[in-house]
Amino acid sequence: MAKVGNAGGGARRPTGGGRGGAARSGKEGSGAEGVSGSGMPSPELTAKLEPRKGPTKVPLNTRVLASTEARLNWLVNDRQSTVTNVVDVALQEFFDRYRVPPADLDGRIAEQES
């Protein structure tokens, strides 16, 4: 479920590396110096990262910096979560910050229908 699709055929990662391969290849320190605070997530964040069943999910393909992937893999492994849940929580918080209106269960935003 945490696998990000290559359904269209594109390049694939070498087998045996799996998620977290970048972190094991000597890049483990990249980006980690900027982390502040106690290192413990808030209860709200922990609850959001819990595995859950719910609404229909759709594939999302994107490319990120290697340092971003390393940090994502660290968080997924440390919190025993999934890439899907971490990305969804991060995007929801980003949308809330920029006051993007919520979408209904069919993926429609009411303001778009005018």
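Scroll up for the structure.
The paragraphs below set out a description of the structure included in this document.

Remarks on the overall build of the protein
Looking only at helices and strands, the protein has 4 helices and 0 strands in total. Along the protein, helices (α) and strands (β) appear in the sequence α-α-α-α when read from the amino end. Within the protein, the fraction of its 114 residues that count as buried is 13%. Considering only contacts within the protein whose residues lie at least 6 apart along the sequence, 70% involve residues at least 24 apart. In the form shown here, the protein has an accessible surface area of approximately 9400 Å², with 56% of it arising from carbon and sulfur atoms.

Brief notes about the packing of helix α3 (residues 66-79) against helix α4 (residues 83-97)
Viewed as axis vectors pointing N to C, α3 and α4 meet at an angle of 110 degrees, and their least axial separation amounts to 9 Å. In terms of their interaxial angle, α3 and α4 are classed as roughly perpendicular. As for how α3 packs across α4, the hand of that crossing is right-handed. In this structure, α3 contributes L72, L75 and V76 to the contact, and α4 contributes V83, V86 and V87. Considering only residue class, the contact of α3 with α4 consists of 6 nonpolar, no polar and no charged.

Each value, and the rule that gives it
Residues numbered from 1 in each chain as written. Predicted model: local features only at pLDDT ≥ 70, side-chain atom pairs only at ≥ 80, totals over all residues. Heavy atoms only, no water. Helix = DSSP H or I, 4+ residues; strand = E, 2+ residues; numbered from the N terminus. Buried < 20%, exposed > 50% of the residue type's maximum accessible area, 1.4 Å probe, protein only. Contact = heavy atoms within 4.5 Å. Areas by Shrake-Rupley, 256 points an atom, 1.4 Å probe, with all protein chains shown as cover. Axes fitted to C-alpha atoms, helices over the stretch in contact; angles between N-to-C directions. Parallel < 35°, antiparallel > 145°, perpendicular 65-115°, else oblique. Left-handed = near helix turned anticlockwise from the far one by under 90°. Nonpolar A, V, L, I, M, F, W, Y, C, P; charged D, E, K, R; others polar.

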